[in-house]
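Structural features, examined
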Amino acid sequence: MPLPSIVAILSLLAILASGAWVALGLMGVGIFSLEVFRTIPVEKLLAQSIWNGISSPELLALPLFILMAELLFRSRFIDGLFSALEPWVRRLPGGLLHTNILACAFFALVSGSSAATTSSVGRITISELDGRGYDRRLTVGTLAGAGTLGFLIPPSIVMIVYGVMSQTSVLKLFTAGIVPGLLLTACFMTFIAVLSKLRPGIVPQGTSDNSRIWRERLQGMPSLLPFVVLIGSILGSMYGGIASPTEAAAVAVIVTIVLMALERSLSLSVLKAAAVGTARTVSMLGLIIAAASFLASAIGFLGMPQAVAAFINGMNLPPLGLIVLLMLVYIVLGSFLEGMSIIVMTIPIVMPLVVHAGYDKIWFGVFLILMVELAQISPPVGMNLFVLQGLTGRPLSSVVRAAFPFFLIMLCFVFFLAVFPQVVSFLPKLL
Amino acid sequence: MIFLSLVDRLSRALAFLSGAVIFGIALLVASEIFLRNIVGVSLSFVWEVSVYLHMCAIFLGAAWTLRTGGHIRVTLLRAVMPRLFEWFATLIGLVISAYVTNALTLLAWGYYATGRTSGSTTDVPLVYPAAFIAFGSLLLTVQIALRLVHLAMGRPVELDSVREEGANAPIMD
Amino acid sequence: ENWDLPLAWPATNYISVSAQKFADDVKTATDGRIEITLHTGGSLGFKGPEMLSTVGDGLVPIGDMLLNQQVGTEPLLGMTSLPYFLSSFEQLKQFNDYFRPTLDKLMEKNNQKLLYTIPWPQQQIWTKTEVTDIASLSGIKIRSYDRASTDVFASAGMTPVQLPWGEVIPSLAAGAIDAVATSSPSAVDGSFWEFIKYGYPTRQTWNMNAMTVNLDRWNALGEEDQKAIMDLAMKLEPAFWQAAQDEDAKNSAILKEHGIALAPISDALRAELAKRAEPLRAAALEKMGGDAKTIVDGFKPK
Ligand code: NA
Ligand code: NA
């Protein structure tokens, strides 16, 4: 690897370890390496990249869903939701932790973004699960892992970007994401179930009174109504041809406000608190997105992608070897770059290698989405980690530890898909 | 002293504005959906204006987010030498933030001087969003600088967002 | 020296392919003194509408830009997109020759040297329902791409909708929009046959790309290299224009093969659309200001 790339990576680690804010640190690394190694007007490139990074219309779903979650968090629906769900999962080992996973999978159906999924579901579930005595690490870990499903389960912003750039049918990509998405959900749930059997302490030991379970289940139904209405109106507007996927996020905000008004939990102070809460999250994530966009641009200028491609090309690996090597490259890239940047930066370079090795573009799309999902939860730069750090106020290292088992599960899952590619490709072939 | 609290109050007001702007985006997009489906009219400016509003919201909220500890950082080494760590991190942040503010101000100035517009259906003069962005970035830089003042005076560098707003409660630990 | 060339289009797009051909030939013609590295698919992080200033400011030494996207900086670059101003690819070619001295000057004003232009194939509308006359357009929700197309569609009684490209396909699938206006390569890229039945060459506007070099970088070159590059650009330009036509034919064949009905629109409908576009064109010219009107009036297509 050429010198500029090595300097960039080392200075990134140094500046992050120094405790500087992540967004500013990423910008600093880009500024530093370009000032040293290239003769271009850096401040112009910086301003332009910041502008480009946050001016994508597809990003709009993120602030809207964050606002929705900030509002919901202040409603009285949440308590009712968990009381209603509890009898349904009482017999499952792992209890309400499964609601984290299932809620993420459900929310992934309405949201194309992984950060939006994690922050919306997390905003709603974390304090509840904490209050009920669930293991904090697993609460955070399940959110980190399952939150990434936002990209894999359609609709998905990164799939659309991949589809357009690789000239692949977005519809087929969406279809291809369904089976892996469900399988991964099942993997996460199995992990929680097995773990809670092995270590019973992680789940609160409540009254295991199952005699009136059906009655409790039915009694809780009305509390689910607001969420049925909410999810239904988002899905309905999206699949009923009323709104585009991003527009549906605005429907979510409006429906939430109406529901809260009906429930009489809407007040000026609630609106104000929700506004400031939204601003804090939107600002934190937006600055990181802007910074990551600049860093990706800087890395492109330093010639890193070409160097990596030339290196891989020179190795003449067999197809599975190529995929394993790409996994390693993406894990490294994913540790310090943001998902969308990884896709935009690498497709033009990696795509020809993969197609040449005989892989299906749809399969590679799903592979790439999963690698981007891994990037969301790998330190030091991972959007889901930041979202959860913001939600819980815990140090990044503890969020990273909480997410790690789920990182491993996903890694194994990607390898499984590399060995059995038909898991991905059979459904879109039916189209 | 008065300056410190003035900056805090301004930061807080802009964070509130930032959130209100996101509300505004929701209302804009919702009106577009309504008009398109019921009246058969599409508001051609909605996407573009929403994007600019979002960009402004990100930067308008930046200073208050910093003041209430909402920006992410890696604090792995803080335990070793807490005070030195804070000074060092804040100084690095200040340098970068100042560089960024300068770059964004030059961008806004360039847009103003050339009169450049988005060149799309709406033809928004780009100086408007760019000016808000540059101002938000400037206020962020000022907050970081004041953090050094708080450090020197031995006062807490971050306000508690829960007490301030009931905003993002740090729920654990 | 090495020149980084950012391209917003995928590597397989004919504009990227043409740029690659140009880069290869430049390397040969300058005995390897100038090496152009393509960064396709927006991988350097630049977006379309800012390419004029990106090259002018020297962020990159060389750049490719869709001229109509630069009107926020230089309104006259939107000439070919005046509604129903140019009626055929042949006319676009003639206009390209006629407009070239002005384009050279506009580029110089923005601190860059124009090398060559390359057009986009004719604009079409892709619809779910059959279009026979102006009445059959009424109420169709169509994704439009710029101000001119938006105005034209609105004047035809359609509902033009602004949507980011990423939202188009899911919206088409679910029925939030019924039609899309774009050229055949994008229709193939978006696998339109999954949702669309008909394609009509409405040709309301035309688009051209330009390849330019930052003027400071250009002036720093030796005279010999300048001449070699310029000769090459002039030699290749006709071939690139032909490539755009071939691209349209190739993509049309793919679309047909997948079952999209490609049919011309009737002369009556075209005349009606052009008639309704006339006041829009006048208004757009007015807004462009400068020499716009003189340029348009002076253009006499053969
Ligand atoms: Na999704
Ligand atoms: Na990461």
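It should be emphasised that the depicted structure is a prediction, and the values quoted were computed from it without experimental measurement. Sequence order sets the numbering: in each chain, residues are counted from 1 along the sequence as written. The order in which chains are written sets their letters, starting at A; the order in which ligands are written sets their numbers, starting at 1. Only residues with pLDDT of at least 70 get local features here, since the model is predicted, and only at 80 or more are side-chain atom pairs given and counted; chain-wide, interface and lining totals rely on the full set of residues. With hydrogens and water set aside, each side-chain value is computed from the structure's full complement of heavy atoms.

Labels follow the DSSP assignment, with helices taken as runs of H or I lasting at least four residues and strands as runs of E lasting at least two, numbered in each case from the N terminus. Helices and strands together make up the secondary structure of chain B, namely 6 helices and 0 strands. Along chain B, from the amino end to the carboxyl end, the secondary structure elements read α-α-α-α-α-α. With the C-alpha coordinates of chain B rotated into their principal frame, the extents come out at 65 × 40 × 35 Å. Relative to its 173 residues, chain B shows a buried fraction of 53%. Residue contacts are counted whenever heavy atoms from the two residues lie within 4.5 Å of one another. Restricting the contact set of chain B to residue pairs at least 6 apart, pairs at least 24 apart contribute 72%. Split by element, the accessible area of chain B, about 7,400 Å² in all, is 73% carbon and sulfur. Under this rule, positive means Lys or Arg and negative means Asp or Glu; His and the chain ends count for nothing. Every charge is mapped onto a representative atom, which is NZ of Lys, CZ of Arg, CG of Asp or CD of Glu. Taken together, the 11 basic and 10 acidic charged side chains of chain B have centroids lying 8 Å from each other. Only protein chains enter the accessibility calculation, which uses a 1.4 Å probe; a residue whose area is less than 20% of its type maximum is buried, one above 50% is exposed, and one in between is partly exposed. Where accessible areas are quoted, they stem from the Shrake-Rupley method and a 1.4 Å probe; at the residue level, only the protein chains shown are allowed to cover.

What follows deals with the UniProt feature "transmembrane region" (unreviewed entry) in chain B. Residue and element names in this part refer to chain B. UniProt positions are given in the numbering used here, feature names are shortened, and annotations may be inferred rather than shown by experiment. Listed under "transmembrane region" (unreviewed entry) in the UniProt record, and renumbered for this structure, are residues 12–33, 45–66, 87–114 and 126–146. Note that residues 87–114 is 100% helix and 0% strand, and that its end C-alpha atoms are spaced 40 Å apart. The span residues 126–146 is 95% helical and 0% strand by assignment, and the distance between its end C-alpha atoms comes to 30 Å.

Residues and elements named next belong to chain C. At least two DSSP bridges between two strands are needed for those strands to be called paired. With respect to topology, 3 strands assemble into an open sheet ordered 3-10-4, the strand pairing being antiparallel. Each having just a single partner strand, strand 3 (62–66) and strand 4 (112–119) make up the two edges of the open sheet. Taken pair by pair, the neighbouring strands of this sheet meet at an average axis angle of 25 degrees, ignoring direction. As judged from the 5 bridges shared by strand 3 and strand 10 (residues 208–214), these two strands associate in the antiparallel manner. Among the inter-strand pairings, D64 is bridged to a residue of strand 10, identified as M211. Running at roughly 130 degrees to strand 4, helix 1 (residues 14–29) makes contact with strand 3, strand 4 and strand 10 of the sheet. In this description, a line fitted to the C-alpha atoms serves as the axis of each element, helices being fitted only across the stretch in contact, and the angle between N-to-C directions of two axes falls anywhere from 0 to 180 degrees. Where helix 8 (residues 223–257) meets the sheet, its contacts fall on strand 4 and strand 10, and the angle it forms with strand 4 comes to roughly 25 degrees.

In terms of nonpolar packing, the biggest core is built from 259 residues, with F65(A), L326(A), Y330(A), F364(A), F367(A) and M79(C) touching the most fellow members. Ranked by residue count, the leading element in this core is helix 14 (residues 268–301) of chain A, at 18 residues. Filtering out sequence-adjacent residues up to four positions away, F367(A) remains in contact with I323(A), L326(A), M327(A), Y330(A) and V414(A). Buried residues of nine kinds, namely Ala, Val, Leu, Ile, Met, Phe, Trp, Tyr and Cys, make up a nonpolar core once their side-chain atoms join them within 4.5 Å.

This next bit is on the coordination of the sodium ion (ligand 2). Think of the donor list as every N, O and S atom within 2.8 Å of the metal, or within 3.2 Å for Na, K and Ca; water never makes the list, so a site can look incomplete. Bound to the sodium ion (ligand 2) are the protein donor atoms G334(A) (O), A375(A) (O), S378(A) (O), S378(A) (OG) and V381(A) (O), situated 2.2 to 2.6 Å from the metal. Counting residues between consecutive donors of the sodium ion (ligand 2) along the chain gives the motif G-x40-A-x2-S-x2-V.

This part is about the packing of aromatic side chains. Stacked, edge-to-face and tilted labels apply to pairs of Phe, Tyr and Trp rings (six-membered ring for Trp) whose centres lie within 6.5 Å, assigned for plane angles under 30 degrees, over 60, and everything in between, in that order. For the coordinates displayed, the defined rule picks out 31 aromatic pairs over all chains. Taken together, a centroid distance of 4.8 Å and an interplanar angle of 25 degrees make the contact between Y359(A) and W363(A) stacked. Of the two residues examined, Y359(A) and W363(A), each falls in the buried class. As a reminder, the over-ring test applies to NZ of lysine and CZ of arginine, requiring each to be within 6 Å of the ring centre and within 35 degrees of the ring normal. Above the ring of W214(A), the side-chain terminus of R217(A) is found at 4.7 Å from the ring centroid. Positioned over the ring face of F16(B) is K272(A), at 5.7 Å from the centre of the ring.

In this assembly, 76 residues from chain A lie in contact with 70 residues from chain B. By salt bridge we mean one thing: a side-chain nitrogen of Lys or Arg within 4 Å of a carboxyl oxygen of Asp or Glu. On inspection of chain A and its partner chain B, the count reaches 1 salt bridge. Two residues, E247(A) and R36(B), come together in a salt bridge whose shortest N-O distance is 2.9 Å. Here a polar contact is taken to be a pair of N or O atoms separated by no more than 3.5 Å, where protein atoms must pair a possible hydrogen donor with a possible acceptor and residues adjacent in sequence count only if both atoms sit in side chains. Remark: the boundary between chain A and chain B carries 8 residue pairs in polar contact (both at pLDDT 80 or more). Broken down by element, the residue count for the side of chain A that touches chain B peaks at 16 residues, all from helix 14 of chain A.

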